[in-house]
Amino acid sequence: MTGVTLKNAIKRYGDVQVIHGIDLEVQDGEFCVFVGPSGCGKSTLLRMIAGLEETSDGTIQIGARDVTRADPSERGVAMVFQTYALYPHMTVGENMGFGLKMNGVPKAEIAEKVKMASDILKLDDYLKRKPANLSGGQRQRVAIGRAIVRGPEVFLFDEPLSNLDAELRVEMRVEIARLHKEIGATMIYVTHDQVEAMTLADKIVVLRAGVIEQVGAPLELYRNPDNRFVAGFIGSPAMNFLNGVVKSGGVEVPALGRSVAVTAKLPADGTSVILGIRPEHIEVQQGAGALKADLSEALGGVSYLHLETLTGERIICEERGDDRASEGDTVDITFEPRRAYVFDAASEMRIR
Amino acid sequence: MTGVTLKNAIKRYGDVQVIHGIDLEVQDGEFCVFVGPSGCGKSTLLRMIAGLEETSDGTIQIGARDVTRADPSERGVAMVFQTYALYPHMTVGENMGFGLKMNGVPKAEIAEKVKMASDILKLDDYLKRKPANLSGGQRQRVAIGRAIVRGPEVFLFDEPLSNLDAELRVEMRVEIARLHKEIGATMIYVTHDQVEAMTLADKIVVLRAGVIEQVGAPLELYRNPDNRFVAGFIGSPAMNFLNGVVKSGGVEVPALGRSVAVTAKLPADGTSVILGIRPEHIEVQQGAGALKADLSEALGGVSYLHLETLTGERIICEERGDDRASEGDTVDITFEPRRAYVFDAASEMRIR
Amino acid sequence: DGHALSGDLKIFLDTSNPAPRAAMEASIARFGEQHPDLNIETTVIDREAYKTQIRNFLTADAPDVATWYAANRMRPYVEAGLFEDVSDLWQEPEIAENLASTKGAMTIDGKQWGVPYTYYQWGVYYREDIFKELGLSEPTNWEEEKANCAKIVASGRACYTIGTKFLWTAGGWFDYLNMRTNGFDFHMQLLQGDASWESEEVRATFANWRELIDMGGFLENHQTYSWQEALPFMVNGEAAAYLMGNFAVAPLREAGLSDDQIDFYQFPAINPDVELAEDAPTDTFHIPANAANKDAARAFLRHVVSAEEQTIINAGDALGQLPVNAQSSVDDDEFLNQGFEMLSSNSPGGVAQFFDRDAPAEMAKVAMEGFQEFMVKPDNLDRILSKLERARGRIYE
Amino acid sequence: MTTAALPNNSIPDRSFWQRNQQTWAPWLFLAPAILFFAFYVIFPVFQSFNLSLYEWDGLGEAEYIGLRNYEDLYYEFIDRDAFYTSLKNNIIWLVMYLLAIPAGLFIALFLNQTVTGIRLYKSLFFFPFVISQVVVGLVFTWFYDPAFGILNVVLGWVGLGPVNILGNEYTVTYGIILAGLWPQTAYCMILYLTGLNAVNPEQIEAGRLDGAKGWRMLWHVVLPQLKPATFIAFVVTIIGALRSFDLISIMTGGGPFGSSRVLAYYMFEVALSEYGFRMGYGAAIAVVLFAIMMVFICYFLWSMYREERR
Amino acid sequence: MFPTPLEKRPPSARITYQTFLPLALIMWLLPLIAVAVFSIKPGADFTNANYWGMPSSFDFFENYGQVFFNSDMPRYLLNSFLITVPTVIGAVALSAMAGFALGVYKFKANIWIFFMFVAGNFVPFQILMVPVRDLTLDLGLYNTKTGLVLFHIAFQTGFCTLFMRNFIKALPYELIEAARVEGISEIRIFWYVVLPLMKPALAALAVLIFTFIWNDYFWAVVLTQGPESQPVTAGITAFNSQFRAMYHLMSAGSIVAALPPVAMFFLMQKHFIAGLTLGAVK
Ligand SMILES: Nc1ncnc2c1ncn2[C@@H]1O[C@H](COP(=O)(O)OP(=O)(O)OP(=O)(O)O)[C@@H](O)[C@H]1O
Ligand SMILES: Nc1ncnc2c1ncn2[C@@H]1O[C@H](COP(=O)(O)OP(=O)(O)OP(=O)(O)O)[C@@H](O)[C@H]1O
Ligand SMILES: [Mg+2]
Ligand SMILES: [Mg+2]
């Protein structure tokens, strides 16, 4: 088992550069998740590691080997695709054993390895079926099984769960977590889904437009985002952002009509900043204030209150407990100073 | 405007009965949501109301009229399909006016009605476009516009938002809520999505296998489910269920290794019951107890702690705040007695 | 003609080669000038296609006049009542007197069913210059024939060009070889189904034929050529002669051979004991029973057999064949003169129409296919003959 | 319940058509097509069956002769006559014509690239299919011509030949089939090109990760995905092989000495050609041809039925 | 994409491929190129055995002039159009309706009627030869373009219905349901909703049928005779016997006969290929 190291990895399609010099180290046995908006290059980067896309510049190492120009089959990686990419004409067993067969592994050994993988994934009963006769979750499991059978050093996943429905997604997510614990291989995982990223990752890589915005453990990104983009991207519902100006040690926020205390080391007075505050950190003060609650979405344990501020900027607050504001109320909000994030308005970098 | 009344509505496909005598009254102007697991008959029931499926038995009334055998066009309903079902060769305007045109409504009148609908839906700028040149959300809006133009008494929606991505879904959901407020027509809405059901509905109908399990307002179902199925179906993450036995005024729960106090009127001692408790109502006691935390999914503001109980039954607890348990801890849980639901183990009916 | 003809006159022709086509169209034009009120529509159909289509148009969409062939070849249509009885025309002195020699070929059941418009001799057309070059002269018997052929082959040429793709050319060879070997009467018996294909006589015919084949006398690959496609071999001097009907002269001349280079001789005797007999196919005009304008059709038939018309259309630069009207003059053409001479004075055995006109169609087909096979694979003779014999059993039953 | 007796007052009276349009509309739409089809296709098939029991020259009265035509066919078969040759050639056609499928696949693979102008190349490669078989036959006849055909010219360069493909009873059928393969290969090529377009790229990538390359990738991963294209190619090729008429008619007319006949040509010859007009006999041959085809039709319908049941 | 795209292979492979491509094409089209060259050669080249060499002079106008002004080819061409165009219209119209009925409505006989069309479409058409010929004779349509057109329409309807039905089946059924909810009658649904959506299928079929019918030879021979009604495929054989062994003229004639479907193919390429694949592969 080995880690993956990218050094100044660059990808160009003709004249268009889509990956701009990525440096990244994924440790041996680490679960690394790539997130970022659509089109930011997550899949491209993953496919470069797999060898399915040529690397235009820079190097890719798996363990100690430089694999930048190596064939996909020689890299010791296995990939699980979003659409499963199972061979429809082969049974589950044949699908899982195909890679070994192509590499001339003896039949008995293939059977043994397939057995082992299907044990792990509880696929024993389905080995003789064709993929068409399996449910989505089972198919995805077979795709993972196919990866396991090959005993790769690195597993690559490209949005493996996004074709499943909500329930199955949760189930498979837990299964992948368990799998990672069990076999301990390095895994690199692309997803759109907040929950997947937060729960699965040892390390999250936030990409934007082919550039890494921040790398870190999930809660580190949640608690300590480097810039506005990461702060807004991690966490759901997303962080609320309000414009403000530094004034005498606090931040003057027109939307709230008052100055707000923060713990960050503020720059000079008059600097434009952005104040960020997560919905779950807001306390709603009923009966006071000037923020109009125009929609309350009650989901049972939690409600989301949509507020219109004085400047028209909108805020979403999370409410729990039994005493919740209702639509039409005018309320005020408070939060602990240490929960407020401050970003430079121009560079959007965090001011800590 | 009128309500919809189903009396013992039955649907059979050949020998297979899929809808088993539904009695339901949807009030004039009400927003009624059908939920239930896949294949339970939500779409079938909706299509029976629309007249697209014949009703095998029983009656359907819209307002005072019995429409059981009426043609779809005579029922005064409009339907919005999951796939929008826009006519791709017509512009947005033509799509919306097509039904009127075919029914011989004068041009001027059509134009007026289309104008009105497109005002409501902010589609004015797109009237001349073909559906192919619209985004998913815009298409769905056109589909709704087409329904509005006909001025129906009842709107039927079959999972209208499930083809949209997460962000758009939220946006359109708010829009549909607004629309309902604005035109006040009766609406019947099928969805898979918890959030949609909870936030949109005046009344939720929970279906299982062609039978109504419970009808009620969203928070009523959340707070006061009639049976184990509804309790488990409404709320996310789902309610935890533990087996127990009634013993001297409390419920003996082997999974927790102790007796639990509840507010429900318990049956005779020795009766097997199921104890239900929502993740958000559980308090985790760190450092004590015998429940093993084997997975903690931290999403930032909230974490889900997966516990293995003494009997192997699993529990998920929601944790907030800064002091959260971590994987490998042994913990105990507590909850307020009024938060615990009790169900009869045999019938799975709620014991209040 | 008592009254002016009017209406439409539909004429179907099978004279699809350029020279005959022009000749017939000219003749029709002359007829049209005499009858300005008549709207004449002429359709020329490919000669091979015509043979299959005649059934269709006789039953369905009949013209007023159609070409065809005499003798057995018209029998099915006569029997099916598709040809008009034109015995009345044959009562007219003009025709009765001048066309008497062909009346037999037009008669079935004592009635006449059409009129002939041309006939022509068959025989061997050869390259005079090549013969001269090799010092050969026209053969009169089989031995000379073979000796000539041996010399021609030795000079690197084929004695005979032939294209058997459409089979009938091989039928011509069989006609001559069989008539020379066994005589006219046996030939007719055979074609009428009254003699066995496995008889000694027939075998003798094929044995003679084989001598020419074995010495390499025939053009190679003849089975892939039509008769026209076989012409260039003679023109180019790769073959020295062609057993063919007189209609071959026109294309040979067109291709650039001068009359000094082409000459004609009667197919030589093989068995001195039998009298010489010749093939002289007669082409005919008929009025379909379903014709619409039979008056005009009869007028046209009279026109086409009239002495002056016969002279014109059979001229060397037109059809290049022999007139059927005794009052017409044979064009002063060396081939026509020789042919006329041959048929009128040197054919004591009789005059046959042609293999596929004398034999029933089905038999003709099977037999000519056998001839073609024999020419390519002479060793298959026994199989071929037994096949023909079986066919005889079935067809004539 | 009071509502049970609620009158249907507000449903307007409707015409018969309005009430039943869903039932009647399909028949209304189907009527013209069914009429035409029954009249010109279905009915004649049965007529042919019937006619095969008669002897009829197309002119006079038909005479009922029971199974005599089939008996004759049987004897022709035993005697290795025309019918035997035709049947044998048909089988050769069926087998050899299928070569169009691998050939088409091969060309499709060759052309499945993205270089400038490839679209034009693909179209030009497809060209032969658009041209009438009459013209194709003519062209190939010249191509094979023993005297000047380019085939012999080329053979001459390497010191071989000359050969007379169409004049040799053993090669003539193959020569004609080759001419037929030309357009048919183009047809299969197009089917495969579209098939290749629809191949799931992720499966190919999965195959690459699994270490499948070249032929093994083709065999294990690509070909199975091309199954629909292969199926259609198979169907159209079989149909084409059994219907083969134009080429034979143009190139050899069944010759030399009948050795390139197939059933379709033979029956035309027997029934409608210069020396033919045995209508009943022709019909009997057609029935045999139909029986052979029926095997394939049933196979095709069966697999379609399976698809529909899904 | 399979095989591996050239972009991902060494440049040498790319160059080899791009040089090999035109060579392969020339080999592939050699017969056609030969005919094209033949058609502009003077007749003398053939008598001088200059079959495959360069034309000794450029006789394009002479040869094609012969075709157009000295033969029945123009008439045959006209006939072909008069046969092909009505057939295309008829077959497409009938099958659009039938395909709609079979693709949209559920009734018991549906699949059997569909199978009838499919099976009929694959019947070796020789079995229809004698009865259809008699039928045409009886109707008095023998040797008329109408007779040929009627038969072609009927026979092509099988294939077209297969095609149309599969196409309509692939349309979202919700469109029809949406229209029904709006109170639109079945006939209007066909006309206003389904037909406009079928445009690509109609175009594809039209092009395909055009070439099929244009290139038909068998039925032309069975049901017609002579230049007043025969199409160009049959005409070319007559033309060829008129000019037998005059290869330059035969070539020119062949080219003229082949041109319209080729032009059709190039103009409507997209539809054409869609037609070939769509109809069958579904
Ligand atoms: N073959 C290609 N040619 C040109 N540009 C490409 C190609 N493939 C991808 N791109 C571009 O590269 C960028 C990154 O694409 P990529 O698929 O990696 O995004 P992604 O982050 O995976 O998006 P998603 O979340 O939608 O899957 C995109 O802007 C895309 O348009
Ligand atoms: N045409 C049909 N013939 C037979 N059974 C059918 C037919 N249509 C639907 N069913 C069955 O009826 C049941 C209800 O189907 P329906 O589509 O109403 O479910 P649903 O609740 O809408 O499911 P989903 O959430 O997946 O849309 C299913 O079990 C389905 O298999
Ligand atoms: Mg991606
Ligand atoms: Mg549904």
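Residues numbered from 1 in each chain as written. Chains lettered and ligands numbered in written order. Predicted model: local features only at pLDDT ≥ 70, side-chain atom pairs only at ≥ 80, totals over all residues. Heavy atoms only, no water.

### As for the packing of helix 2 (residues 92–102) of chain B against helix 4 (residues 136–149) of chain B
Residue and element names in this part refer to chain B.
Part 1 of the reasoning: Their axes nearest at 8 Å, the elements helix 2 and helix 4 cross at an angle of 30°. Here helix 2 lies roughly parallel to helix 4, going by the angle between them. At the point where helix 2 passes helix 4, the crossing takes the right-handed sense. On helix 4, the residues that touch Val92, Asn95, Met96 and Leu100 of helix 2 are Val142, Gly145, Arg146 and Val149.
Part 2 of the reasoning: For the contact of helix 2 with helix 4, the residue count by class is five nonpolar, two polar and one charged. (Axes fitted to C-alpha atoms, helices over the stretch in contact; angles between N-to-C directions. Helix = DSSP H or I, 4+ residues; strand = E, 2+ residues; numbered from the N terminus. Parallel < 35°, antiparallel > 145°, perpendicular 65-115°, else oblique. Left-handed = near helix turned anticlockwise from the far one by under 90°. Contact = heavy atoms within 4.5 Å. Nonpolar A, V, L, I, M, F, W, Y, C, P; charged D, E, K, R; others polar.)

### Details of helix 1 (residues 42–50) of chain A
Part 1 of the reasoning: Of all nine residues in helix 1 of chain A, eight are buried; the element is thus mostly enclosed.
Part 2 of the reasoning: With its phi angle positive at about 90°, Gly51 of chain A sits one or two positions after the end of helix 1 of chain A. (Buried < 20%, exposed > 50% of the residue type's maximum accessible area, 1.4 Å probe, protein only.)

### What to know about the packing of helix 4 (residues 73–104) of chain E against helix 10 (residues 199–214) of chain E
All names here are of chain E.
Part 1 of the reasoning: Remark: helix 4 packs on helix 10, axes separated minimally by 9 Å, with the N-to-C direction vectors making an angle of 140°. With respect to helix 10, the element helix 4 is oriented oblique. Once helix 4 is placed against helix 10, the crossing between them reads as right-handed. Facing Leu77, Ser80, Phe81, Ile83, Thr84, Thr87, Val88, Val92, Ser95 and Ala96 of helix 4, the residues of helix 10 in contact are Leu202, Leu205, Ala206, Ile209, Phe210, Ile213 and Trp214.
Part 2 of the reasoning: Here the contact of helix 4 with helix 10 is built from residues that sort into 13 nonpolar, four polar and no charged.

### Here's the deal with the sheet that holds strand 18 (residues 330–334) of chain B
Each strand in a sheet pairs with another by means of backbone hydrogen bonds, the pair being arranged parallel or else antiparallel.
Residues and elements named next belong to chain B.
Part 1 of the reasoning: Overall, antiparallel pairing links the four strands, which are arranged 17-16-15-18 in an open sheet. For this open sheet the edge positions go to strand 17 (314–319) and strand 18, each flanked by a neighbour on one side alone. Ignoring which end each strand starts from, the neighbouring axes of this sheet average 55° apart.
Part 2 of the reasoning: In terms of strand pairing, strand 15 (residues 283–298) meets strand 16 (residues 303–308) through six bridges, oriented antiparallel. Residue pairing in the sheet places Ala293 in a bridge with Leu307 of strand 16. (Pairing = 2+ DSSP bridges.)

### A word on the site of ligand 1
Residues and elements named next belong to chain A.
Part 1 of the reasoning: Residues in close proximity to ligand 1 include Tyr13, Val18, Ser38, Gly39, Cys40, Gly41, Lys42, Ser43, Thr44, Glu159 and His192, which together make up its full environment.
Part 2 of the reasoning: In this structure, a nitrogen atom belonging to ligand 1 sits 3.3 Å away from a side-chain N or O atom of Tyr13.
Part 3 of the reasoning: Between ligand 1 and Thr44 there is a distance of 2.4 Å, counted from an oxygen atom to a side-chain nitrogen or oxygen.
Part 4 of the reasoning: Coverage of ligand 1 by the protein amounts to 57% of the 640 Å² it exposes when considered alone.
Part 5 of the reasoning: A total of three residues in the shell around ligand 1 trace back to one element, the largest contributor, which is helix 1. (Near = heavy atom within 4 Å. Polar contact = N/O pair within 3.5 Å; in protein donor to acceptor, adjacent residues only side chain to side chain. Areas by Shrake-Rupley, 256 points an atom, 1.4 Å probe, with all protein chains shown as cover.)

### Here we look at unusual backbone geometry
Part 1 of the reasoning: Note that the residue after Ser236 of chain A, namely Pro237 of chain A, is joined by a cis bond; omega there is -5°.
Part 2 of the reasoning: Along the polypeptide, Pro237 of chain A turns up in the loop between helix 8 (228–233) and strand 11 (240–247).
Part 3 of the reasoning: Backbone geometry places Ala209 of chain B, a non-glycine residue, at a positive phi of 50°.
Part 4 of the reasoning: Tracing the backbone shows Ala209 of chain B in the loop between strand 9 (203–208) and strand 10 (211–216).

### Focus on the packing of aromatic side chains
Part 1 of the reasoning: Applying the stated rule across the entire model yields 108 aromatic pairs over all chains.
Part 2 of the reasoning: Between Phe140 of chain D and Phe143 of chain D the ring centres are 5.3 Å apart and the planes differ by 50°, which places this aromatic pair in the tilted class. On the criterion of helical spacing, the pair formed by Phe140 of chain D and Phe143 of chain D is a turn pair, its members being three residues apart in helix 6 (residues 133–144). Phe143 of chain D matches Phe140 of chain D in its accessibility class, with the two residues each being buried.
Part 3 of the reasoning: Ring pairs connect the aromatic residues Phe39, Tyr40, Phe245, Tyr265 and Phe268 of chain D together with Phe125, Phe151, Phe155, Tyr217, Phe218 and Trp219 of chain E, which therefore count as one cluster.
Part 4 of the reasoning: Against the face of Tyr281 of chain D rests Arg278 of chain D, its NZ or CZ located 4.1 Å from the ring centre. (Phe/Tyr/Trp six-rings, centres within 6.5 Å; stacked < 30°, edge-to-face > 60°. Lys NZ or Arg CZ within 6 Å of the ring centre and 35° of its normal.)

### Some words on the nonpolar core
Generally speaking, soluble globular proteins have nonpolar side chains that are buried together.
Part 1 of the reasoning: Core analysis: the biggest nonpolar cluster contains 289 residues, and Phe34 of chain B, Phe126 of chain D together with Leu128, Met129 and Trp219 of chain E have the highest contact counts within it.
Part 2 of the reasoning: The biggest single contributor to this core is helix 8 (residues 172–197) of chain D, with 15 residues.
Part 3 of the reasoning: Not counting the four nearest positions on each side in its chain, Met129 of chain E is found in contact with Met267, Phe268, Ala271 and Leu272 of chain D together with Phe218, Trp219 and Val222 of chain E.
Part 4 of the reasoning: By size, the runner-up hydrophobic cluster in this structure holds 128 residues, among which are Ile54, Ile162, Phe218 and Val249 of chain C. (Core = buried A, V, L, I, M, F, W, Y, C linked by side-chain atoms within 4.5 Å.)

### Examining the state of the cysteines
By definition, a disulfide links two cysteine residues through a covalent bond between their sulfur atoms.
Part 1 of the reasoning: Considering all chains together, one arrives at one disulfide over all chains under this definition.
Part 2 of the reasoning: The partner cysteine of Cys149 of chain C in its disulfide is Cys159 of chain C, sulfur to sulfur 1.8 Å. Its S-S torsion of about 95° marks the bond between Cys149 of chain C and Cys159 of chain C as right-handed, since a negative value means left-handed. Of this pair, Cys149 of chain C sits in helix 7 (residues 142–154) while Cys159 of chain C is found in strand 8 (residues 158–160), placing the two residues 10 residues apart along the sequence. One exposure class covers both Cys149 of chain C and Cys159 of chain C, and it is buried.
Part 3 of the reasoning: Its sulfur unpaired, Cys40 of chain A is 13 Å from the next cysteine sulfur, which belongs to Cys32 of chain A.
Part 4 of the reasoning: The class of Cys40 of chain A is buried, set by a relative accessible area of 2%. (Disulfide = S-S within 2.5 Å.)

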